[in-house]
Amino acid sequence: MSSLVTPIRKQTFLAVALAGLIGEVCFELYAWLISPALFGVVLQPSNLVIAITSKLTGIEITKALAFPVHFLIGSLGFGLFVYATRLIMPARVWLTGFVSGLFLWFVAQGMLAPFIGRSFMMDFGTYTQSSFVGHVGMTLIMAHLLDAFLGYFEQNSANEVGDPLTRT
């Protein structure tokens, strides 16, 4: 049994990492290309990383450092959050993605923005509206990809573990 645990954990981590990476890339494409066309604003969450780091440590980091930090948080952190939401709330995939995105959007705009001195939900302006679309869109993509990757790995694991005479 223990020989099955390690590959399953590796497959789960790989599924989370891949879904998170693709979802974060989609978020960045949305933030830089689509959001300006729809809302007239470029989403730059690296500015939030800079402000939080400065407030907590007094150290002013550059965008060149803040961007990869946010990218890592977005891909692995949000991917893990979507996976945890899936475990806690085993509902339809789209609902898992929506709830995850809604929660993460609220944390960013309703908690972290006021923490760094901005208004609650940044007065529900165009940046906050675009942020909603970006966070929910990203986590919907992550949830669907996670479901697909986990299903793929589960199916392949079953084929490897099953009876060798029935494998095709």
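Structure's up top.
What you are looking at is a predicted structure, and each value in this text was computed from that prediction instead of being measured. (Residues numbered from 1 in each chain as written. Predicted model: local features only at pLDDT ≥ 70, side-chain atom pairs only at ≥ 80, totals over all residues. Heavy atoms only, no water.)

Caption draft 1: Local environment of unusual backbone geometry. Look at Met121: it is not a glycine, yet its phi comes out positive at around 55 degrees. The residue Met121 is located in the loop between helix 4 (93-115) and helix 5 (126-161) in this model. (Helix = DSSP H or I, 4+ residues; strand = E, 2+ residues; numbered from the N terminus.)

Caption draft 2: Main features of the environment of Ala64. Along the chain, Ala64 turns up in helix 3 (residues 63-88). Using a relative accessible area of 66% as the deciding quantity, one classes Ala64 as exposed. Residues Ala64 and Ser46, 18 residues apart in the sequence, show an inter-C-alpha distance of 9.0 Å. (Buried < 20%, exposed > 50% of the residue type's maximum accessible area, 1.4 Å probe, protein only.)

Caption draft 3: Up close: the pattern of salt bridges. Counted by the stated rule, this structure contains one salt bridge. Close ionic contact of Asp147 with Arg86 constitutes a salt bridge, the shortest N to O distance being 3.2 Å. One end of the pair, Asp147, is in helix 5; the other, Arg86, is in helix 3, and 61 residues separate them in sequence. (Salt bridge = Lys/Arg side-chain N within 4 Å of Asp/Glu carboxyl O.)

Caption draft 4: Spotlight on the side chain of Glu24. Within the secondary structure, Glu24 is located in helix 1 (residues 2-39). The side chain of Glu24 sits in the buried core without any salt bridge; Lys63 is the nearest counter-charge, 14 Å away. Dropping the residues within four chain positions of it, Glu24 is found in contact with His70, Phe71, Gly74, Ser75, Met138 and Met142. (Lys, Arg positive; Asp, Glu negative; His and termini not counted. Contact = heavy atoms within 4.5 Å.)

Caption draft 5: Main features of the nonpolar core. Counting 17 residues, the largest nonpolar core has Ala15 and Leu146 as the members making the most contacts within it. Secondary structure elements with two or more residues in this core: helix 1, helix 3 and helix 5. Counting residues per element, this core draws most heavily on helix 5, which supplies seven residues. Sequence-distant contacts of Leu146, that is, excluding residues within four places in its chain, are made with Ala15, Val16, Ala19, Val82, Tyr83 and Arg86. (Core = buried A, V, L, I, M, F, W, Y, C linked by side-chain atoms within 4.5 Å.)

Caption draft 6: Summary view of the environment of Val49. Counting through the fold element by element, Val49 comes out in helix 2 (residues 46-57). Sequence-wise, Val49 and Ala66 are 17 residues apart; in three dimensions their C-alpha atoms are separated by 5.8 Å.

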